Amino acid sequence: MKQYRQLIFGLVIALIALYYTLRNVSFSEVISSFKEMDYIYILPAIVITFLSYVFRAYRWQALLESSLKVNVGGLYSPMMVGFMGNFLPARAAEILRPYLLSKKYDITFTAAFASIVVERLFDMIILLLIFIWIFWFEADVFSPNIEFSGFSVQEMAIKFGQICVLAVIALMVFIYLLLNHKKKVMKIVGWFLGFMNEKWADKIKYLLDEFTIGCEVVKKFRTLAKISVYSVLVWTANIFSVYPLYFAFDLQHKTIPSLLILGVIVAILISILPTPGFLGSYNAGIVIALHEIMGESEIKSVSLGMVGWTLFSGVILVGGLYFIFHEHMSLKDLTSVKRESDTF
């Protein structure tokens, strides 16, 4: 019942975001825009999107070095099927990926989950660097008059950036203390756990031990460098996967700043609006970035958002379904993963 409520809530938000996206365009205009689109550019967009997941797999392999030695080819299955979790209630990808990895290999769910936490830390750092670049060199494009559902886009971006900074600092401090002052951390944790049932206290201590093992990868300079390089490649591929569509719809501003602004706005929208598969939130981010900020045609921005969402969703679904059937996974088990993972 809880999952159904989460799904309904996500779909309601998606419908609101889609309404914002489509409110000023007609169905005939969208069809006409698709007819004028140069479809040859779909192929490079798909190739770059696929490349982004190749880079993700290599980064995940590096993130797992301290707790699991695995060939990168063995990570595509839990990764692609895991990302399908974004279409489930509450976007369960962050739980599904480590869960599937722990089922496939000799690694605990907690250690695998630690790799996802560190991965998100690197993603936030890259996003903050892009933020800094935009607000340093392109600050004038963020007019305070641009709004999304009554909220200032400029204020939304600033608040989101501030939350990212706090999250990065908190995660870095927590991981540093866990790796370098574990005894003191466990002593403090033990004091709080003294008020809990002994069974649960032991379980939490065990989870912290496993989480620490998963985080130890950041202590190795060479591995840290690999993770950093792959993170840059992942974000470069993510951002440039949309670039061929600029040519497909013949946009006015086929520039790097436009791509970076698009990447940031989409990242903000898909983070604050928990819609299944980013439906609506992704589209709204495209329209805000291209039409409201960059001044592109609204109908082209709407159409590009639809094509872009279809492409990246299609890559995830095709890849995920392939591995589900190839490895004979149960869809019933996948949809109940959140409940099962609570036992770890």
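Residues numbered from 1 in each chain as written. Predicted model: local features only at pLDDT ≥ 70, side-chain atom pairs only at ≥ 80, totals over all residues. Heavy atoms only, no water.

Mind showing me how you'd approach the packing of aromatic side chains here?
Two aromatic rings are characterised by how far apart their centres lie and by the angle between their planes. Taken as a whole, this structure holds 14 aromatic pairs when the rule is applied. An angle of 0° between the planes, with centres 5.9 Å apart, marks the rings of F131 and F135 as stacked. Highlighted residues: F131 and F135, both in helix α6 (residues 109-137), separated by four residues, approximately one helical turn. Assessed through its relative accessible area of 5%, F131 is described here as buried. We classify F135 as partly exposed; its relative accessible area is 28%. Ring centres of F278 and F312 lie 6.0 Å apart, and the angle between their planes is 40°; this geometry places the pair in the tilted category. In this pair, F278 is assigned in the loop between α12 (256-272) and α13 (281-293) and F312 in helix α14 (residues 298-326), connecting sequence segments 34 residues apart. (Phe/Tyr/Trp six-rings, centres within 6.5 Å; stacked < 30°, edge-to-face > 60°. Helix = DSSP H or I, 4+ residues; strand = E, 2+ residues; numbered from the N terminus. Buried < 20%, exposed > 50% of the residue type's maximum accessible area, 1.4 Å probe, protein only.)

Please clarify how helix α10 (residues 221-240) should be interpreted in this entry.
Quick reminder: α-helices carry 3.6 residues per turn. Residues three or four places apart thus point the same way. With 20 residues, α10 extends 28 Å from end C-alpha to end C-alpha; this agrees with the ideal 28 Å at 1.5 Å per step. Of the surrounding elements, those touching the buried residues of α10 are α3 (42-63), α6, α11 (243-248) and α12. (Expected span 1.5 Å × (residues − 1). Contact = heavy atoms within 4.5 Å.)

Where do I start with the pattern of salt bridges in this structure?
Two side chains bearing opposite charge may form a pair once their charged atoms approach each other closely. Going through the model one piece at a time under the given rule, you end up with 10 salt bridges. Residue R97 pairs with E119 through a salt bridge whose shortest N-O separation is 2.9 Å. Residue R97 is found in helix α5 (residues 93-104), and its partner E119 is found in helix α6; the two are separated by 22 residues along the sequence. With relative accessibility at 1%, the residue R97 sits in the buried group. The exposure class assigned to E119 is buried, which follows from its relative accessible area of 1%. Salt-bridge contacts for D123 lead to R120; the nearest nitrogen and oxygen are separated by 2.5 Å. Placement of the pair is D123 and R120 together in helix α6, with a separation of three residues, close to one helical turn. We classify D123 as buried; its relative accessible area is 9%. Among the charged side chains, a salt-bridge network with shared partners connects R59, E94, R97, E119, R120 and D123. (Salt bridge = Lys/Arg side-chain N within 4 Å of Asp/Glu carboxyl O.)

Explain the nonpolar core here, please?
Looking at soluble globular proteins, one finds that nonpolar side chains tend to be buried together. Judged by nonpolar contacts, the single largest core of 102 residues is most densely connected at L245, Y246, I265, I293 and L304. The biggest single contributor to this core is α6, with 16 residues. The contacts of I265, once residues within four sequence positions are left out, are F142, V153, G285, I288, A289 and I293. V30, V287, I299 and V302 belong to the second-largest nonpolar core, a separate cluster that totals five residues. (Core = buried A, V, L, I, M, F, W, Y, C linked by side-chain atoms within 4.5 Å.)

Help me understand the side chain of T223 in this model?
Among the secondary structure elements, T223 is positioned in helix α10. Residues contacting T223, with those up to four places away along its chain left out, are A62, E65 and V217.

Explanation requested: the environment of G82 in the structure shown.
Within the fold, G82 resides in helix α4 (residues 76-83). Take G82: its relative accessible area is 0%, and that puts it in the buried class.

Would you mind going over the packing of helix α2 (residues 27-36) against α14 with me for this structure?
Packed helices, taken two at a time, are described by the angle their axes make and the gap between the axes. Contact geometry of α2 with α14 gives a least axis separation of 9 Å together with a crossing angle of 70°. In terms of axis orientation, α2 runs roughly perpendicular to α14. The segment α2 lies against α14, with E29, V30, S33 and F34 engaging I299, K300, S303, M306 and V307. Residue classes in the contact of α2 with α14 are distributed as five nonpolar, two polar and two charged. (Axes fitted to C-alpha atoms, helices over the stretch in contact; angles between N-to-C directions. Parallel < 35°, antiparallel > 145°, perpendicular 65-115°, else oblique. Nonpolar A, V, L, I, M, F, W, Y, C, P; charged D, E, K, R; others polar.)

What is the right way to look at the environment of V264 in this model?
Mapped onto the secondary structure, V264 falls in helix α12. According to the relative accessible area criterion, V264 is buried, its value standing at 2%. As a C-alpha pair, V264 and A114 span 150 residues in sequence and 25 Å in three-dimensional space. When residues no more than four places from it in sequence are discounted, the contact partners of V264 are L127, I130, F131 and I134.

What is the right way to look at unusual backbone geometry in this model?
Backbone geometry follows two general trends: most residues other than glycine have a negative phi, and most peptide bonds adopt the trans configuration. Phi is positive for D250, which is not a glycine, with a value near 50°. By secondary structure assignment, the location of D250 is in the loop between α11 and α12.

Hey, could you run me through the packing of α13 against α14 in this one?
Two elements in contact, α13 and α14, have axes separated by 8 Å at closest approach and are oriented at 140°. The angle between the axes of α13 and α14 places the two elements in the oblique class. For the crossing formed where α13 meets α14, the hand is right-handed. Residues Y282, N283, I286, V287, L290 and H291 of α13 touch α14, and the partners they reach there are E298, S301, V302, L304, G305, M306, G308, W309 and F312. Residues belonging to the contact of α13 with α14 are distributed by class as follows: nine nonpolar, five polar and one charged. (Left-handed = near helix turned anticlockwise from the far one by under 90°.)

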